[in-house]
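Structure at a glance
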Amino acid sequence: MGKKSKAKKSLVKKSTLLSQRLQEALDRGCKVWIKTNNSSFGGIPVNLYGDFAELLVIVPPNEHGENTDAYGQVTWLIRLSDIIALAYPTEYWSKDRLESLLPPDAVTSEVGD
């Protein structure tokens, strides 16, 4: 009985943390990447409804389609319990900042210099 109770608590904790990170991304308008057992999704959370999250994806024009100037919009509805991993941005770095942290020989010059 103790093991079931402990497992249920960790499941609730995981779900709460997942929901919290999705809510933060929704509030900030940040893109997230979600992995399920069968697939992966990337998009901006636009709604959280109880056990579901909606992710908005902007699709670039299809080169072979009729209207090559039109962008499409796809919204994924994903069950929170199906999510096994969630990636979200925690910090953005400029190229200069990243290069300043690398050893000088790790930064390669562009071809043709």
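Before going into details, it helps to say that this report is about the structure given with it. (Residues numbered from 1 in each chain as written. Predicted model: local features only at pLDDT ≥ 70, side-chain atom pairs only at ≥ 80, totals over all residues. Heavy atoms only, no water.)

**Details of the pairing of strand E3 (residues 52-59)**
- Bridging between strand E2 (residues 40-49) and E3 involves five bridges; their strand directions are antiparallel. Residue pairing for E3: Asn47 is matched across the bridge by Glu54.
- Sheet topology places E3 next to strand E4 (residues 72-79); eight bridges connect them, and they run antiparallel. For Leu56, the partnering residue across the bridge sits in E4 and is Thr75. (Pairing = 2+ DSSP bridges. Helix = DSSP H or I, 4+ residues; strand = E, 2+ residues; numbered from the N terminus.)

**What to know about the environment of Val74**
- Tracing the backbone through its elements, the reader meets Val74 in strand E4.
- For the pair Val74 and Leu56, spaced 18 residues apart in sequence, the C-alpha to C-alpha distance is 5.9 Å.
- In contact with Val74, not counting residues within four places along its chain, are Leu55, Leu56, Val57 and Val59. (Contact = heavy atoms within 4.5 Å.)

**Topic: the pairing of E2**
- For strand E1 (residues 32-36) and E2, the ladder comprises four bridges, and the chain directions are antiparallel. Looking at the pairing, Val32 lines up with Gly43 of E2.
- The hairpin turn running from E1 into E2, its antiparallel successor, is three residues long.
- Here E2 hands over to E3 after two residues, with Gly50 in that stretch at a positive phi of 55 degrees.

**Focus on the sheet that holds strand E5 (residues 83-87)**
- Sheet architecture is open: five strands sit in the order E4-E3-E2-E1-E5, paired in antiparallel fashion. The two strands at the open ends of the sheet, each matched to only one other strand, are E4 and E5. Along the sheet, successive strands turn relative to each other by an average axial angle of 45 degrees, direction set aside. (Axes fitted to C-alpha atoms, helices over the stretch in contact; angles between N-to-C directions.)

**Here's the deal with the nonpolar core**
- Counting 13 residues, the largest nonpolar core has Leu22, Val32, Ile34 and Ile83 as its most contacted members.
- When residues of this core are traced back to their parent elements, those giving at least two are helix H1 (2-28), E1, E3 and E5.
- Looking at this core, the element that brings in the most residues is H1, giving three residues.
- Among residues more than four places away in sequence, those in contact with Leu22 are Val32, Ile34, Pro45, Leu48, Ala53, Leu80, Ile83 and Leu86. (Core = buried A, V, L, I, M, F, W, Y, C linked by side-chain atoms within 4.5 Å. Buried < 20%, exposed > 50% of the residue type's maximum accessible area, 1.4 Å probe, protein only.)

**A look at the side chain of Thr36**
- With respect to the helices and strands, Thr36 occurs in strand E1.
- Discounting chain neighbours no more than four positions away, the residues touching Thr36 are Phe41, Ile78, Asp82, Ile83 and Ile84.

**Considering a nonpolar patch on the surface**
- A cluster of nonpolar side chains, contributed by Trp93, Leu98, Leu101 and Leu102, occupies part of the molecular surface with about 380 Å² of accessible area.
- Summarising the element assignment, Leu102 is placed in the segment after helix H2 (95-101).
- The class of Leu102 is partly exposed, set by a relative accessible area of 37%. (Patch = residues over 30% accessible without salt bridge, like charges linked within 9 Å, V, L, I, M, F, W, Y side chains within 5 Å. Areas by Shrake-Rupley, 256 points an atom, 1.4 Å probe, with all protein chains shown as cover. Salt bridge = Lys/Arg side-chain N within 4 Å of Asp/Glu carboxyl O.)

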